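One letter stands for each residue in the lines below.
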Amino acid sequence: SSSLLQRLLTDLLFKDKKTDVNVMDSWYVEGVFQNLYELNELSLEELAKLEWPFIKVLDLHGKGTLTLAIHKVLQKDPAFFAQLINYIYKRDDQKPDTDSGLTSAQKERLASNAWEVLHRWYLVPGFGNDSSADKEALFNWIEGARKRCVEIGKVIGCDIQIGSILARVPKDPDGFWPHILTRDLIESLRNKTVEEHIRIGLYNDRGVTSRGMGDGGSLERSLSKNYLDMSKAVNSKW
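Reference entry: report on the structure contained in this document.

**What about the nonpolar core?**
In terms of nonpolar packing, the biggest core is built from 54 residues, with Phe33 and Phe81 touching the most fellow members. When near neighbours in sequence (up to four residues on either side) are disregarded, Phe81 contacts Leu74, Leu118, Trp121, Trp141, Ala145, Cys158, Gln161 and Ile162.

Shown next as structure tokens:
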């Protein structure tokens, strides 16, 4: 039952004092969460709260076998995004944050967990798994996230992470990248930090590459030509 699995996860948090996580630990914990997802008795918010302390164990090697509830919540809730930004980044004016009463170690753990959540997040606001896209949802999410980060004085961190997630949007049905909604958003924002981190996110998501000894930079030249061709195809409007 969901209640028994919740008890199991809670007991693990308080009783298991190991600091190192191995492959089997990750596999077993993922199995518990997989059962919780299949039972479908808990809300996304309840599941997300359970996932939070286990975020470094879930999908330990980045195989993408789980779609985490915490990422689904993040996709819909810009206030939660702003909370994660608050954990990770310093204020733009470099002033100290209001004392939260937490120790340095607790703050470090919060920041580390928040970074893991954002680093593994691929569910772009406004985009569905069925290739659907909602312009109003995307624009409202971005506006809400930036508004909340203005209030806490951490707009730079906000824009960095917005750029990172926008790097993960799919192609448009016209065959060109990024999706037309993202093109419109970039034109609307005209934000250099966001634009730069779309590029950085795109580079980073490419991952490790390999080639034959005599191949040289042919792979990079092919990628460069592909993006240049797409740019020429859309730059009359965007």
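**Here we look at the pattern of salt bridges**
Opposite charge on two side chains makes pairing possible when the charged atoms of those side chains draw close. Under the criterion given, the structure shown has 12 salt bridges. Across the pair Asp159 and Arg146 runs a salt bridge whose closest N-O atoms are separated by 2.8 Å. Note that Asp159 is positioned in helix α8 (residues 155-166) and Arg146 in helix α7 (residues 135-151), a separation of 13 residues in sequence. By relative accessible area, Arg146 is classed as partly exposed at 24%. Among the ionic pairs, Glu220 bridges to Arg206, the shortest N-O distance being 2.9 Å. Residue Glu220 is found in helix α11 (residues 218-234), and its partner Arg206 is found in helix α10 (residues 192-206); the two are separated by 14 residues along the sequence. Relative accessible area serves as the criterion here: at 35%, Arg206 is assigned to the partly exposed category. The network of salt bridges with shared partners includes Arg206, Arg211 and Glu220.

**Quick notes on the packing of aromatic side chains**
Following the criterion strictly, the structure yields eight aromatic pairs and no others. Residues Trp52 and Tyr87 carry aromatic rings whose centres are separated by 6.2 Å and whose planes lie at 40° to one another, so their mutual orientation is tilted. With a gap of 35 residues between them, Trp52 in the loop between α3 (44-51) and α4 (69-76) and Tyr87 in helix α5 (residues 78-88) connect regions that are remote in the sequence. Here Tyr87 falls in the partly exposed class, since its relative accessible area comes to 27%. Ring geometry for Trp121 versus Trp141: centroids 5.7 Å apart, planes at 45°, classification tilted. With Trp121 in the loop between α6 (104-119) and α7 and Trp141 in helix α7, this pair connects stretches of sequence that are 20 residues apart. Just as Trp121 is buried, Trp141 falls in that class too. Members of the aromatic cluster, each reached through a chain of ring pairs, are Phe33, Tyr37 and Phe54.

**Description of a nonpolar patch on the surface**
Taken together, the side chains of Met24, Trp27 and Tyr28 make up a nonpolar region of the molecular surface, amounting to roughly 390 Å² of accessible area. Mapped onto the fold, Trp27 is located in helix α2 (residues 23-39). Exposure remark for Trp27: the relative accessible area of 57% places this residue in the exposed category.

**Description of the packing of α5 against α7**
At a closest axis distance of 8 Å, the pairing of α5 and α7 adopts a crossing angle of 40°. With respect to their mutual orientation, α5 and α7 come out oblique. Note on packing geometry: the crossing formed by α5 with α7 is right-handed. Contacts between α5 and α7 involve Pro78, Ala79, Phe81, Ala82 and Ile85 on the former and, on the latter, Trp141, Gly144, Ala145, Arg148 and Cys149. Tallied by class, the residues present in the contact of α5 with α7 amount to eight nonpolar, one polar and one charged.

**Quick notes on the environment of His197**
Mapped onto the secondary structure, His197 falls in helix α10. A relative accessible area of 19% places His197 in the buried class. For the pair His197 and Glu30, spaced 167 residues apart in sequence, the C-alpha to C-alpha distance is 31 Å.

About the criteria used
- Residues numbered from 1 in each chain as written.
- Predicted model: local features only at pLDDT ≥ 70, side-chain atom pairs only at ≥ 80, totals over all residues.
- Heavy atoms only, no water.
- Core = buried A, V, L, I, M, F, W, Y, C linked by side-chain atoms within 4.5 Å.
- Buried < 20%, exposed > 50% of the residue type's maximum accessible area, 1.4 Å probe, protein only.
- Contact = heavy atoms within 4.5 Å.
- Salt bridge = Lys/Arg side-chain N within 4 Å of Asp/Glu carboxyl O.
- Helix = DSSP H or I, 4+ residues; strand = E, 2+ residues; numbered from the N terminus.
- Phe/Tyr/Trp six-rings, centres within 6.5 Å; stacked < 30°, edge-to-face > 60°.
- Patch = residues over 30% accessible without salt bridge, like charges linked within 9 Å, V, L, I, M, F, W, Y side chains within 5 Å.
- Areas by Shrake-Rupley, 256 points an atom, 1.4 Å probe, with all protein chains shown as cover.
- Axes fitted to C-alpha atoms, helices over the stretch in contact; angles between N-to-C directions.
- Parallel < 35°, antiparallel > 145°, perpendicular 65-115°, else oblique.
- Left-handed = near helix turned anticlockwise from the far one by under 90°.
- Nonpolar A, V, L, I, M, F, W, Y, C, P; charged D, E, K, R; others polar.

On their own, these measurements won't tell you what the molecule is for.
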